[in-house]
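Reading the structure
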Amino acid sequence: MKTLQTSVRASETIAIGRAFVLCRNHVEQSITQGSIEEEKARFTTSLQSSTEQIEALAVDSDIFAAHLEIVQDEMLSDAVMEHIGSGSSAVEACQAACADLVAMFEALDDEYLSARADDIKDIFARIEANLTGGLQNPFEGVKEGDIIVARELLPSDMALLDLNAIRGFVTALGSTTSHVCIMARNHSLAAVVGLGDALEQISSGDMLIVDSYEGKVIINPDSQTIDSYLVRQLSLDALRSEQQQVATQTVEYEGESVAVTANAGSVDDVVKAVEAGADGVGLFRSEFLYLNSSVEPTEEEQYHVYSAAAKACNGRPLTIRTLDIGGDKAVPYLGFEREENPFLGWRAIRVSLDMEQMFCRQLRAILRASAEGDVRVMFPMIATLEELIEAKRILERCKADLTAEGVKYNENIKVGVMIETPAAVFIADTLAANCDFFSIGTNDLVQYIMAADRANVKVSHLYNPYSEAVIRAIRLTIESAQRTGIECSMCGELASDSSATELLLEAGLRKFSVNTGSIAKIKYTISKL
Ligand code: PEP
Ligand code: MG
């Protein structure tokens, strides 16, 4: 019996099963390198087949819709063509271009964007497979109840796997934001990622215990260990099914109803959240629309997404946060420049106010969708009253334009402010008098109050949402909202932490916006208080 350990908490499940160690056998045909023109033509053909395959998969998958944007981006084909032009074969050129693009994405100081490197690898794996003899299914032979062990799992692997048949994943690479973790959380599978070379100690057929709570994999456990995990698994299963019973109910605290809404980043997320019992969407992160595209999404494209999300909410509130990007989440087409302190730089509402026309395109799309449901608009990173007033002035201008054009929208659309800067906390009473609701973004608020970068492990002991200073800021914000009579929600990660639920309720919070996987847990916790 051996134990492997990581510090990454990928999901909240325990699995016991046999290891299926993934072996990617490329049946490569021996290919002789042709002339530059021949290699370019081979690449073009395989790019075309890859695009067609991804197009078919994108019909019902957000992941492949994002792949489609990337594979159609000229940056990708230009990079390969350049390598072929300097004498590489099509395969070598793909490998070199892939390495360049992956390095570029991994260098970005943003967990979500650096995880995009997986998409690039995935797309190039497909193009190369199409170049060298076709795609093989590396999961042939996986049996019901197996645990997939792989150096790395890419988004398209998920399309080949029957996620209802397997019990979990163990990988050498990956972080909490990698696709494998997102899929594990969405499908309640166990996952331990980031084990590094220690993974080589696992062989196909080994019995594994994958404990996602502890980031632990036990190889060939003795019967006593298996028994103790079986007991733990039974009690966790019982707790989860008890939690599920309240997932679709409304919950109360001290006689007042408490809304448990969800955080979402796509229409698909909204559909899943509603199925999971969410009382609406408290945070729709609209930036993914901009990040997944090589050009700014048009008003029409945005309108379709927001209106589909509103319909999926089916009468429940949908809170759309306007674009929240910044120096760290740079979008090439918006002309971002490298900044010394990106988190203190040109981001979120600051960008929107400086790019009024782009802001208007987004606001118009949100307003148009407000005719189709309880759509609300929320501004990120507000630090001054002037920013809020200016954002509202632009919103009013968009309303007037739509009225003049005879386009329908909700004239009384609710306007909210994210409280995620210390400045916003200190002027919360003034902001409250000028908006309809607050949502506390603890992910940023903690880093700004504690002056500790949310992604820097060296200062992670300071990045603590339970710090006295943060708790006082949360209380101040809720009190200001209560005094003015506006709604106050919380959409930062602290809202999904059931250890904080009672404290937040006692402080007066009556609306939580949580990860879809935490809806049942938070509703259950509230119902038991
Ligand atoms: C937050 O800061 O708490 C928040 C929800 O916003 P994001 O994590 O998208 O910055
Ligand atoms: Mg934030």
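In what follows, the accompanying structure is described. Keep in mind the model is a prediction, meaning the values are calculated, not measured.

1. Topic: the coordination of the magnesium ion (ligand 2)
- Looking at the magnesium ion (ligand 2), one finds its protein donor set to be Glu420 (OE) and Asp444 (OD), positioned 2.1 to 2.2 Å from the metal centre. Remark: aspartate 444 occurs in helix α18 (residues 442-450) and glutamate 420 occurs in the loop between β13 (415-419) and α16 (422-426); sequence separation between them is 24 residues.
- Given a relative accessible area of 2%, glutamate 420 falls into the buried group.
- Aspartate 444 sits in the buried class, given a relative accessible area of 3%.

2. A look at the nonpolar core
- Residues Phe379, Phe438 and Phe512 are the most contacted members of the largest nonpolar core, which totals 86 residues.
- Ranked by residues supplied to this core, first place goes to helix α14 (residues 356-369) with 8 residues.
- Every residue in contact with phenylalanine 438, bar those within four places of it in the chain, is listed here: Val417, Ile419, Ala428, Leu431, Ala432, Thr477, Ala481, Ile486, Glu487, Cys488 and Ser489.
- In terms of nonpolar packing, the next biggest core, distinct from the first, is built from 27 residues, Val80, Ala90, Ala97 and Ala117 among them.

3. Examining the site of ligand 1
- Taken together, 13 residues form the shell around ligand 1, and within it Arg285, Arg321, Gly441, Asn443 and Asp444 come nearest.
- Within the contact set of ligand 1, an oxygen atom lies 2.8 Å away from a side-chain nitrogen or oxygen of arginine 321.
- Within the backbone of glycine 441, a nitrogen or oxygen atom sits 3.3 Å from an oxygen atom of ligand 1.
- When ligand 1 is considered free in solution it has 290 Å² of accessible area, and contact with the protein chains removes 97% of it.
- Those elements that provide at least two residues to the shell around ligand 1 are β10 (281-285) and α18.
- Each residue belonging to the shell around ligand 1 can be placed in one class, and the counts come to 3 nonpolar, 4 polar and 6 charged.

4. Description of a negative patch on the surface
- On the surface, a cluster of negative charge is contributed by Glu74, Asp78, Glu82 and Asp100.
- It is helix α3 (residues 74-85) that provides the largest number of residues to the negative patch, a total of 3 residues.
- Relative to the assigned elements, aspartate 100 resides in helix α4 (residues 90-106).
- Accessibility expressed as a relative area gives 45% for aspartate 100, which makes it partly exposed.

5. Brief notes about the environment of aspartate 227
- Among the structural elements, aspartate 227 can be located in helix α9 (residues 223-247).
- Assessed through its relative accessible area of 44%, aspartate 227 is described here as partly exposed.
- Taking C-alpha positions, aspartate 227 is 46 Å from tyrosine 448, a pair spaced 221 residues apart along the chain.

6. Describing the pairing of strand β6 (residues 207-211)
- Summarising burial for β6: 4 of the 5 residues are buried, a large majority.
- By the bridge criterion, 4 bridges tie β6 to strand β7 (residues 216-219) in an arrangement that is antiparallel. What sits directly across from valine 210, in β7, is valine 217.
- In sequence, β6 turns back onto β7 through a hairpin of 4 residues, with glycine 215 there showing a positive phi of about 65 degrees.

7. Concerning the sheet that holds β6
- Read from one edge to the other, the open sheet built from 7 strands follows the order β1-β7-β6-β2-β3-β4-β5, with strand pairing classed as mixed. Each edge of the open sheet is held by one strand with a lone partner, namely β1 (2-5) and β5 (190-192). The mean inter-strand angle of the sheet, taken between neighbouring strand axes irrespective of direction, is 25 degrees.
- Bridging between strand β4 (residues 168-171) and β5 involves 3 bridges; their strand directions are parallel. Within β5, the position partnered with glycine 168 by the bridge is alanine 190.
- Running over the sheet, α9 touches β2 (14-21), β6 and β7 and is turned about 120 degrees from β2.

Rules and cut-offs
Residues numbered from 1 in each chain as written. Chains lettered and ligands numbered in written order. Predicted model: local features only at pLDDT ≥ 70, side-chain atom pairs only at ≥ 80, totals over all residues. Heavy atoms only, no water. Donors = N, O, S within 2.8 Å, 3.2 Å for Na, K, Ca; no water. Helix = DSSP H or I, 4+ residues; strand = E, 2+ residues; numbered from the N terminus. Buried < 20%, exposed > 50% of the residue type's maximum accessible area, 1.4 Å probe, protein only. Core = buried A, V, L, I, M, F, W, Y, C linked by side-chain atoms within 4.5 Å. Contact = heavy atoms within 4.5 Å. Near = heavy atom within 4 Å. Polar contact = N/O pair within 3.5 Å; in protein donor to acceptor, adjacent residues only side chain to side chain. Areas by Shrake-Rupley, 256 points an atom, 1.4 Å probe, with all protein chains shown as cover. Nonpolar A, V, L, I, M, F, W, Y, C, P; charged D, E, K, R; others polar. Patch = residues over 30% accessible without salt bridge, like charges linked within 9 Å, V, L, I, M, F, W, Y side chains within 5 Å. Salt bridge = Lys/Arg side-chain N within 4 Å of Asp/Glu carboxyl O. Lys, Arg positive; Asp, Glu negative; His and termini not counted. Charge placed at Lys NZ, Arg CZ, Asp CG, Glu CD. Pairing = 2+ DSSP bridges. Axes fitted to C-alpha atoms, helices over the stretch in contact; angles between N-to-C directions.

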